Amino acid sequence: MQIDKDIITEIAKNEEGADELSLLRRYCKTGPFVLVNTTQEQVTFFSNGTYNWTTTENVTTSEWKHQCQYLFAQVNLWNDTIVGVILLVAALLILCICLACIVKLLHSILKGQLARVIKKAVNAEFPTKAGKCLTGYVVILIGAGMTFLVQSSSIFTSALTPLIAIGVVNLKRAYPLTLGANIGTTTTAILAALASSGDGLVRSLQLALCHFFFNVSGIILWYPIPPLRNVPIGLAKKLGNTTAKYRWFAIVYLLLMFFLLPAAIFGLSVAGWQALVGVGAPVLFLSLVVIVVNVMQTKRPNWLPKKLRTWDFLPLALHSLQPYDRLLTGCCEKKHTQKDSSCEKIAVDNPGFVLERELETTKL
């Protein structure tokens, strides 16, 4: 498909009636000739020396133009929204199919000695103690450089995801690569800003640099301090485990975090800062309390009252996804048999998610 740049320019200039025009280009420089009838309002000015008046009439003109030949060029009954939704669904479907095929292909290719060699090379670190500290920053630069070459962080992370899924790249190494991709993707906006001319150069470059420093500030916040690096990695493992158990969770998470929650915050902000603080402050305080209790349940359960050492005193729907899983999937609750106390749970750091295996130990 092709986009009419002139319409985008008119919308940017806030010209009257531009929002009602279609962004799809209907007529191109090449293609079959078609006769196009165009109706425009023509205003005529008259004057007899004493009075002045104008008349408005619709004038229809005919012109031969080249009709575009892309997929949606001749579908005049569909508006831009319908075409956009169709393309979005098709793009997501193709992306998922391609990623699944890439994972299958890499699984069949990267086996045995080859997989071990590649894994060792990708996850290698500098030998000295200072070198180990600098390894992550060098990996960030590599991720930024690779993203700059392909001019898309989505392409880079999509290519990285299958390597994580098959265990070639671990999460600790994928983390700085992804941070580097966030820096590399800002170069596209900077290059586009440098292509501007006149007064638009300064404003466009300012916007591009805002994007750049915003991403850099996020890296400065989460990466230089080693303990803070474990926060996003731990969250990734937790979300991966949950998604592996409840496949619908990924869709619900995307809808909640990227649509419903921002829409709710935006609605409260429109209502006024009083509404935003009145609703947001208690929710934020409750979230912090839950996070602190969860951490203490894992690290220092003895510091908590016996009732707060687990969330079992709450209804099941408030501390487990099983009721929602039964509701969404229609599956009956699976009965889990309790293992012997001598079972040892081992967490395997295999990229996309953490597998948990229970190995029975023999009592002596």
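Residues numbered from 1 in each chain as written. Predicted model: local features only at pLDDT ≥ 70, side-chain atom pairs only at ≥ 80, totals over all residues. Heavy atoms only, no water.

Here the focus is the overall build of the protein chain. Per the secondary structure count, the protein chain includes twelve helices and four strands. For the protein chain, buried positions account for 19% of its 364 residues. Sequence-distant contacts, at least 24 apart, represent 52% of the contacts inside the protein chain between residues at least 6 apart. Surface exposure of the protein chain reaches about 26,800 Å², of which carbon and sulfur atoms provide 66%. (Helix = DSSP H or I, 4+ residues; strand = E, 2+ residues; numbered from the N terminus. Buried < 20%, exposed > 50% of the residue type's maximum accessible area, 1.4 Å probe, protein only. Contact = heavy atoms within 4.5 Å. Areas by Shrake-Rupley, 256 points an atom, 1.4 Å probe, with all protein chains shown as cover.)

Between its terminal C-alpha atoms helix α6 (residues 171-184) stretches 20 Å, which fits the 20 Å expected from 14 residues at 1.5 Å a residue. With respect to burial, α6 is a largely interior element, eleven of its 14 residues being buried. Considered for burial, the residues of α6 that qualify are L171, R173, A174, Y175, P176, L177, L179, G180, A181, I183 and G184. Residues of α6 that are buried make contact with α3 (112-122), α4 (129-150), α5 (153-165), α7 (186-194), α8 (200-222) and α9 (226-245). With a side-chain oxygen positioned 3.3 Å from the backbone nitrogen of K172, the residue opening α6 is N170. (Expected span 1.5 Å × (residues − 1). Polar contact = N/O pair within 3.5 Å; in protein donor to acceptor, adjacent residues only side chain to side chain.)

Before going further, it helps to examine the environment of N182. For N182, the location among the structural elements is in helix α6. Overall, the relative accessible area of 34% leaves N182 in the partly exposed class. Measuring from C-alpha to C-alpha, the distance between N182 and G143 comes to 8.5 Å, with 39 residues separating the pair along the chain.

Take helix α11 (residues 273-299) next. With 27 residues, α11 extends 37 Å from end C-alpha to end C-alpha; this agrees with the ideal 39 Å at 1.5 Å per step. A bend of about 25° at G280 is the largest found in α11, and the proline P282 appears one to four places after it. (Bend = angle between axes of the 7 residues up to and from the residue.)

Taken as a whole, the protein chain shows an average pLDDT of 78; of its residues, 79% reach a score of 70 or greater. Averaged pLDDT values over the elements of the protein chain bottom out at 38 in strand β4 (residues 355-360) and peak at 91 in helix α10 (residues 249-271). Taken together, the stretch residues 332-364 has pLDDT below 50 and engages in 46 contacts with residues farther than four places along the chain or on a different chain. (pLDDT = per-residue confidence, 0-100.)

This part covers the packing of aromatic side chains. The final tally for this structure, using the stated rule, is six aromatic pairs. Taking 5.1 Å as the distance between ring centres and 75° as the angle between the ring planes, the aromatic pair formed by F212 and F213 counts as edge-to-face. On the accessibility criterion, F212 (26% relative accessible area) is partly exposed. Among the aromatic residues, those joined into a cluster by ring pairs are Y137, Y175 and Y223. It is R229 that lies over the ring of Y223; its NZ or CZ is 4.0 Å from the centre. (Phe/Tyr/Trp six-rings, centres within 6.5 Å; stacked < 30°, edge-to-face > 60°. Lys NZ or Arg CZ within 6 Å of the ring centre and 35° of its normal.)

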